[in-house]
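Survey of secondary and tertiary structure
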Amino acid sequence: MTTPAYKRVLLKLSGEALMGDDPYGINRPTIERMVADVSDVAKLGVEIAIVIGGGNIFRGVAPGAQGMDRATADYMGMLATVMNSLALADAMRQAGIVARVMSAIGIEQVVEPYVRPKALQYMEEGKIVIFAAGTGNPFFTTDTAAALRGAEIGAQVVLKATKVDGVYSADPKKDPTATRYATISFDEAIAKHLQVMDATAFALCRDQKLPIKVFSIIKPGALLRVVMGEDEGTLVHV
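Residues numbered from 1 in each chain as written. Predicted model: local features only at pLDDT ≥ 70, side-chain atom pairs only at ≥ 80, totals over all residues. Heavy atoms only, no water.

Any two side chains of opposite charge can pair, given that their charged atoms come close. For the structure on display, the rule yields 13 salt bridges. Salt-bridge contacts for glutamate 47 lead to arginine 8; the nearest nitrogen and oxygen are separated by 2.6 Å. Note that glutamate 47 is positioned in strand 2 (residues 47–52) and arginine 8 in strand 1 (residues 8–13), a separation of 39 residues in sequence. Considered together, glutamate 47 and arginine 8 belong to a single accessibility category, that of buried residues. Taking the shortest distance from any N to any O, the salt bridge between aspartate 90 and arginine 93 comes out at 2.8 Å. With aspartate 90 and arginine 93 both in helix 3 (residues 70–94), this residue pair falls three residues apart, about one helical turn. (Salt bridge = Lys/Arg side-chain N within 4 Å of Asp/Glu carboxyl O. Helix = DSSP H or I, 4+ residues; strand = E, 2+ residues; numbered from the N terminus. Buried < 20%, exposed > 50% of the residue type's maximum accessible area, 1.4 Å probe, protein only.)

In structure tokens, the structure reads:
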């Protein structure tokens with residue numbers, strides 16, 4: 001196959017993926033490698049939007065957040081995603097990629113607010129759009145933000161980048177007999193209690209018939225192979 005399998009994708013990155021081997025924070029070589037992977041896909045003409053988590057930053061303050069009001073802690077997490085989004089956009093700028101950060105909470109002096117028509121315009125112009133601050137509401141994860149934004153922008157697939165190269169029948173680290181699914185239906189994944197995304201995000205993708213591709217962001221070239229439609233990771237579909 002010489003043409004991409006998808007024209008428009010929503011890439012979900014966990015904040016933890018930016019840590020590399022560090023205990024928390026942003027590992028520069030790791031973020032540069034991710035940017036290189038995204039660049040390879042963008043050069044194919046694929047329109048890319050990204051939702052990134054904040055766990056790598058929030059992990060550093062988590063002990064102090066114990067006993068904190070849940071909504072307050074969630075707002076702190078949203079701000080952590082803004083920091084990651086700025087770091088990712090800056091790494092892209094240094095790599096010659098034009099990126100725009102759009103936040104679900106108002107921080108106009110730092111990033112522009114999320115406006116759906118503007119986001120679509122940026123993507124059609126070939127810019128990469130990074131959605132920060134989750135959904136803008138507490139009690140919703142960045143997984144849910146990825147499902148929501150993916151549906152809003154008309155993405156053909158949500159690409160969930162993890163540290164594991166797909167969905168397995170059991171934890172491959174604990175069970176050597178665990179097997180990777182090439183494809184699995186939403187209903188099968190629910191019945192087997194497979195932790196693909198959190199329940200709200202999973203239900204939204206299923207209801208909107210928005211497939212999820214789970215793959216390893218650590219594996220070199222995996223993102224490109226996924227976009228090209230090769231046998232990489234696991235496709236969760238209706």
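What follows deals with unusual backbone geometry. For phenylalanine 139, which is not a glycine, the phi torsion comes out positive at approximately 75°. Position of phenylalanine 139 among the secondary structure elements: in the loop between strand 5 (128–132) and helix 5 (142–153). We note that lysine 209 has phi near 55°; this positive angle belongs to a residue other than glycine. Along the chain, the position of lysine 209 falls in the loop between helix 7 (199–207) and strand 8 (212–216). On the basis of relative accessibility, which here comes to 62%, the residue lysine 209 falls in the exposed class.

Here we come to helix 3. Between its terminal C-alpha atoms helix 3 stretches 37 Å, which fits the 36 Å expected from 25 residues at 1.5 Å a residue. One or two positions beyond helix 3, positive phi appears at glycine 96, with a value near 85°. (Expected span 1.5 Å × (residues − 1).)

This paragraph deals with a nonpolar patch on the surface. A surface patch of nonpolar side chains, about 210 Å² in accessible area, is lined by Val61, Met68 and Met76. Relative to the helices and strands, valine 61 resides in helix 2 (residues 55–65). Residue valine 61 is classed as partly exposed on the basis of its relative accessible area, which comes to 39%. (Patch = residues over 30% accessible without salt bridge, like charges linked within 9 Å, V, L, I, M, F, W, Y side chains within 5 Å. Areas by Shrake-Rupley, 256 points an atom, 1.4 Å probe, with all protein chains shown as cover.)

All right, on to the sheet that holds strand 5 then. Across the sheet, nine strands lie side by side as 4-3-5-2-1-6-8-9-7; this open sheet has mixed pairing. With partners counted over all chains shown, the strands left at the sheet margins are strand 4 (112–113) and strand 7 (183–185), one partner each. Helix-sheet contacts for helix 1 (residues 28–42) involve strand 1, strand 2 and strand 5, and the interaxial angle to strand 2 is about 155°. (Pairing = 2+ DSSP bridges. Contact = heavy atoms within 4.5 Å. Axes fitted to C-alpha atoms, helices over the stretch in contact; angles between N-to-C directions.)

Our next topic: the side chain of arginine 8. We classify arginine 8 as buried; its relative accessible area is 14%. Here isoleucine 153 takes part through its backbone oxygen, which lies 2.7 Å from a polar atom of the side chain of arginine 8. Here arginine 8 is in contact with Glu47, Leu120, Met123, Glu124, Ile153, Gly154, Ala155, Gln156 and Val157, once residues within four sequence places are set aside. (Polar contact = N/O pair within 3.5 Å; in protein donor to acceptor, adjacent residues only side chain to side chain.)

Ranked by size, the top nonpolar core spans 41 residues in total, and within it Leu11, Leu13, Ile50, Leu88, Met92, Leu159 and Phe215 carry the most contacts. Secondary structure elements with two or more residues in this core: strand 1, helix 1, strand 2, helix 3, strand 3 (99–103), strand 5, strand 6 (157–162) and helix 8 (222–227). If one sorts the elements of this core by residue count, helix 3 sits on top with seven residues. Once residues within four sequence positions are removed from consideration, phenylalanine 215 is found in contact with Leu11, Leu159, Lys160, Ala161, Thr162, Val164, Asp165, Gly166, Ala222, Leu223, Val226 and Gly233. If you look at the next biggest cluster of nonpolar residues, it comprises 32 residues, including Leu120, Ala155, Val167 and Ile212. (Core = buried A, V, L, I, M, F, W, Y, C linked by side-chain atoms within 4.5 Å.)

The side chains of a regular strand alternate between the sheet's two faces. Counting buried positions over the six residues of strand 6 gives six, a clear majority of the element. Here strand 6 shows two buried faces, one formed by Val157, Leu159 and Ala161 and the other by Val158, Lys160 and Thr162. Strand direction decides the pairing type here: strand 1 and strand 6, joined by five bridges, are parallel. Each residue of the ladder has a partner; that of leucine 10, found in strand 6, is valine 158. Where strand 6 lies against strand 8, five bridges are found, and the strand directions are parallel. Residue pairing for strand 8: alanine 161 is matched across the bridge by phenylalanine 215.

With that settled, the discussion passes to helix 1. Across its 15 residues, helix 1 extends 21 Å between first and last C-alpha, which sits within 8% of the 21 Å expected from 1.5 Å per residue. For helix 1, the set of buried residues is Thr30, Ile31, Met34, Val35, Asp37, Val38, Ser39 and Val41.

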